[in-house]
Amino acid sequence: MKVENRPKYYGREFHGIISREQADELLGGAEGAYILRESQRQPGCYTLALRFGNQTLNYRLFYDGKHFVGEKRFESIHDLVTDGLITLYIETKASEYISKMTTNPIYEHIGYATLLREKVSRRLSRSKHESRKTSVTSEEHPAVEKISSLVRRAALTQNDNHCNYEKTHNFKVHTFRGPHWCEYCANFMWGLIAQGVRCSDCGLNVHKQCSKHVPNDCQPDLKRIKKVYCCDLTTLVKAHNTQRPMVVDMCIREIEGRGLKSEGLYRVSGFTEHIEDVKMAFDRDGEKADISAHIYPDINIITGALKLYFRDLPIPVITYDTYAKFIDAAKISNPDERLEAVHEVLMLLPPAHYETLRYLMIHLKKVTMNEKENFMNAENLGIVFGPTLMRPPEESTLATLNDMRYQKLIVQILIENEDVLF
């Protein structure tokens, strides 16, 4: 059939400008048959006419390099229709079953994998250094490599060394190759592509609808955490099984060991390229990174690397959710009421953020105790760390400028009152 003005990304299935009635007639009642047409009412808009369930269904069709009618995108119209027919069939024939899938989850009952839990726990309970290295080769431990993320989480929750910070799963739409089952409800994932979602931090695979019911119990896998800087704070500490990011512990230990009396500590900048070297060392080597005086004699490089870590966090130490509450607390004129308000907001921080902030404030208090040598008091440190530890949710230059004095004041209050607030 010759059709004028056929879009280059459509083939023989395109039938030009025709009505719904004409499309219905052309399909001839053949289940699964489909054609594409251009809208009579809106030229330039295209529709997929698909025969299913003894009726012709019409869907607005889009193309942006891939074909889609919803959130799934396909390389070809054939794949789109195939996936659509599978979904329509499942939703039509098993709607009641689908609605009940999440009511009886197997999430808390790991079945056959119980036998492997003790073995995994032993692996995770090795020496402190080894327990943080979760990458195990399949040659050495083939059985452990094959277990699901669900089993790994069950084992981790029983490990006394593990930091039980609550963490939401980082689900992203995923295309599974071959048959796959949901780790929440144990039911089949249907469709050709984007059949479900996978947590990019721990590897949990579930239906999209099941992901809404999964508890906030993500246990990140070190094999999936590719870097240290720019990584979510809670994700990093859970992956490394530590209370705080190792960057914070290692940098503060180095600074307190040889730099507390250094003039202009945290205010003076180190060489940018050397700070970037430290960043790359942490990303590459983790806790094995060498930041000693032998490699970096200038302590300002280490303070610069620590400040850069905080600036690079996708969610600041003082989170976006609590930012406005901290600013409001800083605006209270009565000192006692202001301190009480700051304390109340501190309690809203996620545990890993709270612990990191607490540890940093104890350290900065030590810095101020050496003010005679380093000339850094709480106010000076507040100027340095205010914008580093807290950023407004929306990137607004005006809002940032207006809030700077309050950011400084919050950090100053936290340093001066760390023994009371934490």
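Computed from a prediction, not measured in an experiment: that's the story for all the values here.

Undergrad: What is the right way to read the overall build of the protein chain from this model?
TA: In terms of regular secondary structure, the protein chain is built from 18 helices and eight strands. Long-range contacts, defined as pairs at least 24 residues apart, comprise 62% of the intrachain contacts of the protein chain with a sequence gap of at least 6. Accessible surface, the protein chain: about 21,900 Å² in total, of which carbon and sulfur atoms supply 50%.

Undergrad: Even after reading the chapter, I still don't get the pairing of strand E7 (residues 196-199), so can you show me in this structure?
TA: On any regular strand, side chains alternate: one points to one face of the sheet, the next to the other face. As defined by bridge partners, strand E6 (residues 171-174) adjoins E7 across four bridges and the pair is classed as antiparallel. Across the sheet, the residue bridging to Lys172 is Arg198, located in E7. Across two bridges, E7 lies against strand E8 (residues 205-206) in antiparallel orientation. In the sheet register, Val197 faces E8, and the bridge partner there is Val206. Hairpin connection of E7 to E8: five residues between the antiparallel strands, including Gly203 at a positive phi of 90 degrees.

Undergrad: Hey, could you run me through the sheet that holds strand E5 (residues 67-68) in this one?
TA: Picture the strands of a sheet paired through backbone hydrogen bonds; they go either parallel or antiparallel. If you walk across this open sheet you meet the five strands as E1-E2-E3-E4-E5, and the pairing is mixed. The sheet terminates laterally at strand E1 (14-17) and E5, the two strands that pair on one side only. Here strand E2 (residues 34-38) runs beside strand E3 (residues 46-52); their pairing, made up of five bridges, is antiparallel. Paired with Glu38 across the strands is Tyr46, a residue of E3. Strand contacts of helix H1 (residues 20-27): E1, E2, E3 and strand E4 (55-63), with the helix running at about 155 degrees to E2, the strand carrying the most contacts. Against the sheet, helix H2 (residues 77-93) touches E2, E3, E4 and E5, its axis set at about 45 degrees to E3.

Undergrad: Explain the packing of aromatic side chains to me, please; I cannot follow it from the model alone.
TA: The relative placement of two aromatic rings is captured by the distance of their centres and the angle of their planes. All chains considered together, the criterion is met by 12 aromatic pairs. Taking 5.5 Å as the distance between ring centres and 75 degrees as the angle between the ring planes, the aromatic pair formed by Tyr10 and Tyr46 counts as edge-to-face. Taken together, the residues span a long stretch of sequence, with Tyr10 in the segment before E1 and Tyr46 in strand E3 at a distance of 36 residues. Tyr46 sits in the buried class, given a relative accessible area of 14%.

Procedures and definitions
Residues numbered from 1 in each chain as written. Predicted model: local features only at pLDDT ≥ 70, side-chain atom pairs only at ≥ 80, totals over all residues. Heavy atoms only, no water. Helix = DSSP H or I, 4+ residues; strand = E, 2+ residues; numbered from the N terminus. Contact = heavy atoms within 4.5 Å. Areas by Shrake-Rupley, 256 points an atom, 1.4 Å probe, with all protein chains shown as cover. Pairing = 2+ DSSP bridges. Axes fitted to C-alpha atoms, helices over the stretch in contact; angles between N-to-C directions. Phe/Tyr/Trp six-rings, centres within 6.5 Å; stacked < 30°, edge-to-face > 60°. Buried < 20%, exposed > 50% of the residue type's maximum accessible area, 1.4 Å probe, protein only.

Treat this as a map of the structure, not an account of what it does.
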